[in-house]
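The residues making up each chain are set out below.
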Amino acid sequence: MFLLPGSTDLSEAEKAEIETIRQHRQELLEDIKKLKEQIAEVFAEIECFQNGDERQEAENNPEKQTSKLSQRDKLLSLGRKKFNMDPAKGIQYLIEHQVLSSDLQEIAKFLHKGEGLNKAAIGDYLGGRDPTNIQILQAFVACHEFAHLNLVQALRQFLWSFRLPGEAQKIDRMMEAFANWYCKCNPGVFQSTDTCYILSFSIIMLNTSLHNPNVKDKPPFERFVSINKGIDNGGDLPEELLKNLFESIKNEPFSIPEDDGNDLTHTFFNPNREGWLLKLGGRVKTWKRRWFILTDNCLYYFEYTTDKEPLGIIPLENLSVRKVDDPKKPNCFELFIPNCKGQKIKACKTDGDGKVVEGKHQSYKISAATPAERDEWIEAIRMSITQDPFYDLVSARKKKIASKN
């Protein structure tokens, strides 16, 4: 990235020039991405030629026949890297180079084994709505052995094999597949897959409520029973079953896989929006110019466009955005938590010593250069903001059960 000079008080000509620079920059980034892909393909071709020479030599020297395996390992390594950047292209590359077959069961087993694969990328790929992705998802779920496991044990195994994506529709497809397979492995435990689906979400939300330090009101067992009343085709689940599930989560939270690989590079490569904005400090109320990047439901801000690590990260989950007036700065908007006055936003920043610390903001006030730019940022942020999808999914499924009874 390069640094754009100047203040927010720019002439129309200067603004047009900056916009042209931004467009050129985007084109360059796209060209760089294409070049990287072409370079990777060239390396793969070179390796194939080398493999041909090695194969010829191996025919003359049988002890060197391990070269074929070595070549496959190189292609597999390159395919994994491609998968972590773009899952669909990674799978396509592995199939084209005959490291994987196009058999959906084999692809599912490859993802389930997961060696060298980013678990967030696995989740993103499995959650796709394409019929092929859905079939691979079903085969992936079937790789898990859920027989004779209680629901918490099965969820622990399932949620460790990938990272659950943030989109509600993807979560719905993945948890639907989980519920179907669990019920098939454990017939008679629940009267319907809807029961398993709802209870699974209740357990995931319970895990968050019991073990998230930001949640002060820890739910008792009685509340867990209450929210799951009538979910078993209109009837209640046995209290002993619910008690065992509750105690299991209370005593040991889910282990959720962290993102791995070159995540920051991947995150910032193709943002939803980026640009210079002014941000009002939390503790010290001064305005500072920062380079903002909006991507993956988070707002990142940097001191310079050339910085590799952000000064701060603002997760947008459960936040709202609105226009606000400020006596000192024009074109302002604000990030805030609706209906939670006085609560700090869950964010982090880097302090003067380079340590990552919790943010101090109850809201974030930000100023854009023009009204049009402010409105564009508000719209982009609104598109990225996600409410916790679990509640909506559970509510819809409970209504489905109620309509049957």
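Structure: above.
> Quick rundown of the side chain of Lys279? Include the residues and the values.
Within the secondary structure, Lys279 sits in strand 1 (residues 273-280). Salt bridges are absent for the buried Lys279, whose nearest opposite-charge side chain, Glu303, sits at 12 Å. Other than its neighbours up to four places away in sequence, Lys279 contacts Thr286, Trp287, Lys288, Phe292, Tyr301, His361, Tyr364, Lys365 and Ile366.

> Can you tell me about unusual backbone geometry, naming the residues and giving the values?
For His148, which is not a glycine, the phi torsion comes out positive at approximately 65°. Inspection of the secondary structure puts His148 in the loop between helix 6 (131-141) and helix 7 (151-160). With a phi close to 55°, Asn233 is a non-glycine residue in the positive phi region. Residue placement: Asn233 occurs in the loop between helix 10 (221-227) and helix 11 (239-251).

> Summarise the sheet that holds strand 1; cite the residues concerned and give the values.
Read across the sheet, nine strands follow the order 5-6-9-1-2-3-4-7-8 without closing on themselves; strand pairing throughout is antiparallel. Each of the sheet's edge strands pairs with one partner strand only, and the pair in question is strand 5 (320-324) and strand 8 (356-358). Put simply, the sheet's adjacent strands are angled 30° from each other on average, direction ignored. As paired strands, strand 5 and strand 6 (residues 332-336) are joined by five bridges and run antiparallel to one another. Bridge pairing in strand 6 places Arg322 opposite Glu334. The strands touched by helix 13 (residues 371-384) are strand 1, strand 2 (287-295), strand 3 (298-302), strand 5 and strand 6; relative to strand 1, the strand with the most contacts, the crossing angle is about 105°.

> Talk me through helix 9 (residues 193-211); I want residue IDs and the actual numbers.
With 19 residues, helix 9 should cover 27 Å at 1.5 Å per step; its first-to-last C-alpha distance of 27 Å lies within 8% of that length. The N-cap residue of helix 9 is Ser192: its side-chain oxygen and the backbone nitrogen of Asp194 are 3.3 Å apart.

The rules behind these values
Residues numbered from 1 in each chain as written. Predicted model: local features only at pLDDT ≥ 70, side-chain atom pairs only at ≥ 80, totals over all residues. Heavy atoms only, no water. Helix = DSSP H or I, 4+ residues; strand = E, 2+ residues; numbered from the N terminus. Buried < 20%, exposed > 50% of the residue type's maximum accessible area, 1.4 Å probe, protein only. Lys, Arg positive; Asp, Glu negative; His and termini not counted. Salt bridge = Lys/Arg side-chain N within 4 Å of Asp/Glu carboxyl O. Contact = heavy atoms within 4.5 Å. Pairing = 2+ DSSP bridges. Axes fitted to C-alpha atoms, helices over the stretch in contact; angles between N-to-C directions. Expected span 1.5 Å × (residues − 1). Polar contact = N/O pair within 3.5 Å; in protein donor to acceptor, adjacent residues only side chain to side chain.

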